[in-house]
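What follows is each chain in one-letter form.
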Amino acid sequence: MADVVNPAPGSGPPGRPPPGIGQTILGVLGKSVTRSGVPTRPAPWRALAGDGVRARRFRYAPTIVTSPSASRAFAPYLDLAGARAVRSAQRLRDVAAFALIAVGVMATRFRVARNVVHPLIFAQIRQAGLRLLPMTLFLGIALGLLIIGQTVSLLTRVGAQQFVGTVMVSVVVRELGPLVTAIVVLARAGTSNVVELGTMRALGEVRALEALAIDPMHYLVMPRMLGLAISVFALTTYLVIAAIGSGWVFAFLQDVPLRPAAYFGQLGDALHWLDFLLFGLKTFLFGAVIAVVSCFHGLAPPLRFEAIATATERAVVEGVIACVLIDAIFLTGYLYA
Amino acid sequence: MTRAVQLELVDVDVVREEDRERPILHDVNWSVREGEWWTLRGAPSSGSSSLLATAAGLNPPARGAVRLFGHDLAHASDAEQTAVRREVGFVFERGGRLLGRLSVADNVALPLRYHENLQADEARGRVEMLLARAGLERFADLLPSRLSPAMQQRVALLRALANPVRILFLDDPLRGLSAADVHWWLHFLRELRAASPVSLVVSTYDFSVWRDDTNHFARVEDGRFRETGAGDGL
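Residues numbered from 1 in each chain as written. Chains lettered and ligands numbered in written order. Predicted model: local features only at pLDDT ≥ 70, side-chain atom pairs only at ≥ 80, totals over all residues. Heavy atoms only, no water.

Right, let's talk about the packing of helix H3 (residues 104–116) of chain B against helix H4 (residues 120–133) of chain B for a bit. Residue and element names in this part refer to chain B. Running from N to C, H3 and H4 point in directions that differ by 115°, and their axes come no closer than 9 Å. Note that H3 runs across H4; the crossing there is right-handed. Each of Val-104, Ala-105, Val-108, Ala-109, Leu-112 and Arg-113 in H3 lies in contact with H4, whose residues at this interface are Ala-120, Ala-123, Arg-126, Val-127, Leu-130 and Leu-131. Across the contact of H3 with H4, the residue classes break down as 10 nonpolar, no polar and two charged. (Axes fitted to C-alpha atoms, helices over the stretch in contact; angles between N-to-C directions. Helix = DSSP H or I, 4+ residues; strand = E, 2+ residues; numbered from the N terminus. Left-handed = near helix turned anticlockwise from the far one by under 90°. Contact = heavy atoms within 4.5 Å. Nonpolar A, V, L, I, M, F, W, Y, C, P; charged D, E, K, R; others polar.)

Next up, the structure:
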């Protein structure tokens with residue numbers, strides 16, 4: 001049996017290194033002290049889980065209002081709206097803390113256990129990227145047909161066919177392409193993440209990872225963040241190419257007097273170097289946000305099997321909202337630029 | 001010669017993972033020295049599993065200090081916690097919580113590969129040796145769901161031992177096992193202890209099976225942890 005267990009000599013780990021990134025972030029967020037005042041060191045996402053419990057206990061309780069009848073009539077609705085606003089703010093704070101911890105883990109431990117963790121990134125790219133490629137191409141082709149179909153007839157009527165390329169760049173490259181891809185990835189890979197991680201959590205497998213001294217943020221979340229970020233970027237690129245190609249084919253079939261050289265020349269003129277930069281940033285950000293939101297809902301709140309469906313719904317809604325908000329921020333940037 | 005204290009709980013209030021507000025065990029003072037074999041008896045929901053999780057550093061206590069190998073886990077850095085936990089083995093109850101998407105061999109190899117940054121091929125030798133010890137080599141490529149709970153529990157034990165450990169926690173490992181499986185477990189643990197000074201902490205609801213091997217007993221009841229002698233009404 002000597003080969004089965006070979007206790008390490010010495011008395012354990014060396015002297016105290018500086019606090020880790022998770023500890024620092026949780027310290028900043030004030031989550032490392034319990035109500036009794038004893039400092040604890042729970043895993044970061046489990047600290048968030050504790051908050052999830054508290055947040056769920058926050059229930060709407062109608063207050064008695066003795067003021068005029070109009071106030072009395074609206075008071076419960078105001079209370080309800082207030083309660084929801086507080087819950088949303090708490091959720092936003094928790095997701096932001098989760099994202100910060102995930103980024104911290106990625107920055108500090110990217111090369112740790114790379115023979116185990118990096119293959120998981122490629123697995124995510126296969127699952128969330130490669131498998132979604134046919135559907136994305138289909139959507140790209142459909143998008144190209146729809147946009148050119150609508151705009152060509154309109155632009156031909158006013159004699160402005162030379163703006164077809166500009167419309168494609170504005171609509172597909174800057175706006176719809178990234179957003180449609182993000183929603184497809186969220187619907188497929190995001191929901192799959194919530195179900196998979198939620199099931200692992202409910203079965204105690206995440207706790208088993210902790211027992212093996214494996215950080216779930218490193219083993220489960222980091223590969224998903226990177227994998228989904230790369231996948232959304234790659235899929236959006238293919239979707240845009242498919243939309244541009246199908247747009248020209250449709251224009252050709254409609255006998256629009258638009259030569260390929262003119263069409264692609266218009267596209268080239270409409271594209272700016274900033275488009276490429278923001279396209280890359282936006283798509284990476286979409287992928288990372290989808291991963292963070294879906295992993296948060298799979299891992300952080302205390303989950304039972306029956307709660308997984310609700311968590312999945314919530315992740316989809318919050319993921320869509322997050323992507324649209326990010327898109328709005330980028331749009332504002334475009335307008336000011 | 002006095003053996004080194006490996007685990008020390010000082011005035012600890014134990015909470016459940018899912019409810020950290022209400023302690024289920026109060027004022028636990030307990031220490032485990034190198035090479036000791038402890039058996040804790042507790043009825044279901046008495047808190048013995050939560051006590052084991054707290055002692056292993058998985059569940060932060062509501063109050064008090066948990067020291068593993070001299071390190072206070074509440075004040076340890078991430079790196080220190082990881083280093084301490086690598087020397088702690090934990091086998092969960094009812095199937096051992098294997099990762100359902102990994103094969104049996106991959107489950108056993110995971111801690112080894114993760115902490116040593118090994119390729120799958122490099123870990124294969126040790127994994128095959130471990131599986132052979134438990135008679136599971138022909139199940140290496142199966143998913144855990146294809147195995148019986150008793151077999152899953154064995155795989156979980158092998159996984160906990162894939163890296164060298166100094167203290168091994170076993171949460172009710174014999175529940176629902178056949179007599180043959182119980183015999184296998186006891187034989188395996190005796191061999192383990194004979195080969196190395198690993199400390200064992202077992203939770204159970206029945207002392208009788210462990211009586212011949214264990215040298216320290218305790219009860220978990222009425223929200224308290226009480227050490228008890230081997231002959232005290234076991």
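Moving on, we get to the nonpolar core. Of all hydrophobic cores here, the largest spans 57 residues; its most connected members are A:Phe98, A:Val185, A:Leu209, A:Tyr219, A:Leu220, A:Val221 and A:Met225. Of all the secondary-structure elements, those providing two or more residues to this core are helix H3 (69–109), helix H4 (114–130), helix H6 (164–202), helix H7 (205–211), helix H8 (216–253), helix H10 (273–299) and helix H11 (308–336) of chain A together with H3 of chain B. Among the elements that take part in this core, H10(A) stands out by supplying 11 residues, more than any other. Residues B:Leu130, B:Leu168, B:Trp184 and B:Leu186 belong to the second largest nonpolar core, which totals 42 residues. (Core = buried A, V, L, I, M, F, W, Y, C linked by side-chain atoms within 4.5 Å. Buried < 20%, exposed > 50% of the residue type's maximum accessible area, 1.4 Å probe, protein only.)

With that settled, the discussion passes to the pattern of salt bridges. All names here are of chain B. Evaluated as defined, the whole model comprises 20 salt bridges over all chains. Between Glu-93 and Arg-94 there is a salt bridge, with the nearest N and O atoms lying 3.5 Å from each other. Note on Glu-93: relative accessible area 16%, which makes it buried. Take Arg-94: its relative accessible area is 62%, and that puts it in the exposed class. Close ionic contact of Asp-172 with Arg-175 constitutes a salt bridge, the shortest N to O distance being 3.0 Å. One network of salt bridges, in which partners are shared, links Asp-13, Asp-27, Arg-63 and Arg-224. (Salt bridge = Lys/Arg side-chain N within 4 Å of Asp/Glu carboxyl O.)

So, on to the domain arrangement of chain B. Residue and element names in this part refer to chain B. Taken as a whole, chain B is organised into domain 1 (5–87 + 164–228) and domain 2 (99–152). A separation of 25 Å is found between the C-alpha centroids of domain 1 and domain 2. In this complex, domain 1 contributes seven residues to the contact, which on the side of domain 2 involves five residues. Approximately 500 Å² of surface area, both sides summed, lies buried where domain 1 meets domain 2, with 57% of it carried by carbon and sulfur atoms. (Domains from an automatic or database assignment. Buried area = accessible area lost by both parts, 1.4 Å probe.)

So, about the packing of helix H5 (residues 133–157) of chain A against H6(A). Residues and elements named next belong to chain A. One way to put it is that H5 packs onto H6 with a least axis distance of 11 Å and a crossing angle of 145°. Along this stretch, H5 crosses H6, giving a crossing that reads as right-handed. Contact residues: H5 offers Met-135, Leu-139, Leu-143, Gly-144, Ile-147, Ile-148, Thr-151, Val-152 and Leu-155, while H6 offers Val-164, Val-167, Met-168, Val-171, Val-172, Leu-176, Val-180 and Val-184. Its residues placed into classes, the contact of H5 with H6 shows 15 nonpolar, two polar and no charged.

All names here are of chain B. Judged by pairing direction, the sheet is antiparallel, and its four strands sit side by side in the order E2-E1-E4-E5 without closing on themselves. Each of the sheet's edge strands pairs with one partner strand only, and the pair in question is strand E2 (19–33) and strand E5 (71–72). Across eight bridges, the pairing between strand E1 (residues 5–16) and E2 is antiparallel. For Val-12, the partnering residue across the bridge sits in E2 and is Val-28. Against the sheet, helix H1 (residues 48–55) touches E1, E2 and strand E4 (63–68), its axis set at about 130° to E1. (Pairing = 2+ DSSP bridges.)

Overall, the coordinates contain three cavities of 30 Å³ or more when judged by the stated rule. Volume-wise, the second largest cavity comes out at about 90 Å³. Together, 13 residues line the second largest cavity, and A:Ala211, A:Leu212, B:Arg86, B:Val88 and B:Ala160 are the ones closest to its centre. When contributions to the lining of the second largest cavity are tallied by element, the ones reaching two or more residues are strand E6 (88–91), H3 and helix H5 (149–160) of chain B. (1 Å grid on protein atoms, 1.4 Å probe; cavity = no way out; pocket = protein on both sides within 12 Å on 5 of 7 lines; lining within 4 Å. Points joined across faces, edges and corners; volume = space filled by probe spheres on them.)

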